[in-house]
Structure formats: C-alpha cells, structure tokens
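# Summary of the model geometry
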Amino acid sequence: EEEEEEEEDEGSGVRVTPALLKATTGEFSLESILLLRLRGRGIAHLGCLADCSNLEWLDLSGNAIAGLAPLAALRALAVLNLAANRVASVEPLRGCRSLRQLNLAGNRLRSLRQLRCLQGLRHLESLRLRDPRGGLANPLCAAPAYRAALAAMLPGLKAIDGQRVAGRGSELFRLCRELDAALDGEDAPAAAPAEPPQPWVRAGFWEARPARRSPVLEEATRQLGQALRECRELGRRADDSIAQAQRALGRRQHGDFGF
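Residues numbered from 1 in each chain as written. Predicted model: local features only at pLDDT ≥ 70, side-chain atom pairs only at ≥ 80, totals over all residues. Heavy atoms only, no water.

## Overview of the nonpolar core
Core analysis: the largest hydrophobic core is formed by 45 residues, its most contacted members being Leu115 and Leu118. Top element by residues in this core is helix α3 (residues 146-153). It accounts for three residues. Not counting the four nearest positions on each side in its chain, Leu118 is found in contact with Val90, Leu93, Leu102, Leu124, Leu127 and Leu154. (Core = buried A, V, L, I, M, F, W, Y, C linked by side-chain atoms within 4.5 Å. Buried < 20%, exposed > 50% of the residue type's maximum accessible area, 1.4 Å probe, protein only. Helix = DSSP H or I, 4+ residues; strand = E, 2+ residues; numbered from the N terminus. Contact = heavy atoms within 4.5 Å.)

## Some words on the pattern of salt bridges
Under the criterion given, the structure shown has nine salt bridges. With its nearest N and O atoms 4.0 Å apart, the salt bridge here joins Asp131 to Arg133. Taking relative accessible area as the criterion, Arg133 reaches 80% and is therefore assigned exposed. Across the pair Arg237 and Glu233 runs a salt bridge, and its minimum N-O distance is 3.1 Å. Taken together, the positions of Arg237 and Glu233, both in helix α5 (residues 215-258) and four residues apart, correspond to about one turn of that helix. The class for Arg237 is partly exposed, based on a relative accessible area of 48%. Put simply, Glu233, Arg236, Arg237 and Asp240 are held in one network by salt bridges that share partners. (Salt bridge = Lys/Arg side-chain N within 4 Å of Asp/Glu carboxyl O.)

## Side note on α3
Residues Tyr146, Leu150 and Met153 constitute the buried set of α3. With its buried residues spanning 65° around the axis, α3 presents them on a single face. Across from the buried face of α3, at angles greater than 90 degrees, the exposed residues are Ala148 and Ala152. Looking at the packing, one finds that the buried side of α3 touches β7 (126-128) and β8 (159-160). (Arc of directions from axis to C-beta.)

## Topic: the layout of surface pockets
If you add up the space inside the largest pocket, you get close to 290 Å³. Taken together, the residues of the lining of the largest pocket break down into seven nonpolar, six polar and two charged. (1 Å grid on protein atoms, 1.4 Å probe; cavity = no way out; pocket = protein on both sides within 12 Å on 5 of 7 lines; lining within 4 Å. Points joined across faces, edges and corners; volume = space filled by probe spheres on them. Nonpolar A, V, L, I, M, F, W, Y, C, P; charged D, E, K, R; others polar.)

## Regarding the packing of aromatic side chains
Taken as a whole and judged by the stated rule, the model has zero aromatic pairs. The ring of Phe28 has Lys22 sitting right over it, with the charged end atom 4.9 Å from the ring centre. (Phe/Tyr/Trp six-rings, centres within 6.5 Å; stacked < 30°, edge-to-face > 60°. Lys NZ or Arg CZ within 6 Å of the ring centre and 35° of its normal.)

## With respect to the sheet that holds strand β2 (residues 35-37)
Judged by pairing direction, the sheet is mixed, and its seven strands sit side by side in the order β2-β4-β5-β6-β7-β8-β9 without closing on themselves. Edge positions in the sheet fall to β2 and β9 (163-164), since each of these pairs with one other strand and no more. By the bridge criterion, three bridges tie β2 to strand β4 (residues 57-59) in an arrangement that is parallel. Paired with Arg37 across the strands is Asp59, a residue of β4. (Pairing = 2+ DSSP bridges.)

## Re unusual backbone geometry
Even without a glycine there, the phi angle at Ala84 is positive, about 60°. Note on placement: Ala84 falls in the loop between β5 (79-81) and β6 (101-103). Take Ala84: its relative accessible area is 28%, and that puts it in the partly exposed class. One non-glycine residue with positive phi stands out, namely Asp161, at about 55°. Looking at the secondary structure, you find Asp161 in the loop between β8 and β9. On the basis of relative accessibility, which here comes to 6%, the residue Asp161 falls in the buried class.

Here you go:
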C-alpha cells in the first residue's frame with residue numbers, strides 16, 4: 001500500500017537534477033555541497049540527491065516527496081527536515097548513520113512500526129512527528145501515548161516533538177510534579193528504592209575531546225585564507241600605485257620650480 005502511494009504521488013512534480021542543485025548552491029561539484037535548502041519547491045522526485053555524498057544539512061520541507069530512496073546514500077547527513085511532505089515510509093533513512101535531528105511532522109506515518117528502522121541510528125537525538133505551531137502532524141500522533149511508546153522504542157532520543165525526554169531536565173519535571181501532588185494532598189507516587197549516588201556527568205565528560213573534522217569548517221577556513229591572500233595582493237598593488245603617483249607628482253613639482 002505504501003509503495004502504491006509513493007508511485008501515485010511521484011507521478012508529477014519537480015525532480016532534483018544536477019542543474020537545479022548547482023543553480024541553488026553555486027557549487028560546480030555535487031560532492032562539494034554540504035548544506036542544501038530546497039524548501040517549498042514542489043519537489044516530488046529526489047533524483048540525483050544521492051550524488052551529494054558529503055551533505056550534512058538538508059531542508060526538504062514543504063514539498064510533495066513520498067519516496068526517500070536516494071537519501072539512503074547520505075552517510076554524513078546529520079540534520080534532515082522533511083516536514084509537510086507525503087512520506088509514508090522512512091525505511092531508506094536507516095542508511096543515514098550520522099543522523100542527529102529528524103523532522104517528519106506533517107507526513108503520512110500511521111504506525112510506530114514504521115519507525116523501527118530508525119533503531120539503528122545511534123546518533124539520533126531529536127525526532128519531531130508533530131508541530132502544533134505549524135498545524136502539522138502524522139496519523140499516528142492521534143494515539144495519546146505515542147510519545148511514551150516512541151521513547152521506549154528509541155531510548156537514545158533526547159527530544160520528541162521539541163520536548164525534552166531525557167536528562168536532568170525531565171527528572172526535575174517529574175520531581176516538581178510529585179511535589180505539587182504532595183502539597184495538594186494527593187497521593188504521590190510511591191518513592192523508588194534509594195539508589196547509590198551517581199556522578200552528575202558521564203565518565204570522561206571533563207576529558208579533552210579530539211577535534212571533530214568538519215567539512216563545513218574546512219571549507220570556511222579555505223575561503224578565509226583565499227580572501228586574506230587576495231587582500232594582501234590588493235594592498236601590495238595599492239602601495240605600488242601610490243608610490244608611482246608620488247614619484248610622478250614629485251617630478252611635476254620639480255619641473256614647476258625650474259620654470
């Protein structure tokens with residue numbers, strides 16, 4: 001059924017082509033594209049997007065996309081926005097091993113089973129299926145406890161629909177809720193058995209981390225170095241022009257005194 005929907009939705013619409021990507025980014029090589037925004041372009045076919053092998057940030061929101069097959073090749077992709085599309089299957093995203101943030105609000109996902117393919121994404125921290133501000137959701141969001149079920153299925157998530165689900169923040173919220181219940185005279189939940197004290201941060205938190213190689217930072221450094229070299233060359237030419245003008249002016253003034 002999902003495959004039939006994808007074929008139907010991809011019957012018409014804009015296709016991602018090398019010409020479209022080069023015109024949008026100004027890059028000559030698709031492998032050089034690191035950040036790409038194709039929001040609201042009427043795109044239905046992802047076309048050659050798989051050739052952007054070094055892509056790290058991608059915004060495809062507000063299109064008519066149903067099939068995600070080309071995204072499976074994007075191993076470096078860390079941020080992906082697919083909000084307001086026609087996605088009914090995210091199976092190809094299991095290949096995006098570096099994915100950290102994923103926005104699927106406003107699509108056609110009907111069951112949490114369709115998200116099991118994301119369990120292998122160890123770096124995934126933020127997943128959005130619903131966006132009240134934009135009036136976006138998925139059919140599965142009609143289930144009242146879908147967030148709790150999603151957190152159990154993907155325990156590595158730190159945020160669901162923009163709400164924190166892990167760490168000291170959520171623990172503080174739980175404690176405050178229990179305190180409010182006690183002050184109101186309600187039956188507070190039974191306290192869990194005391195656990196031995198734990199460090200506030202994980203092991204190795206204070207150790208210096210090796211610098212992460214970032215293609216975006218390397219490209220910015222290269223462009224900055226090139227700009228500095230051009231500035232030095234322009235400064236040298238300006239100095240030469242000023243010196244020549246001063247010599248010419250000196251000769252002219254010397255001639256006037258002789259006259």
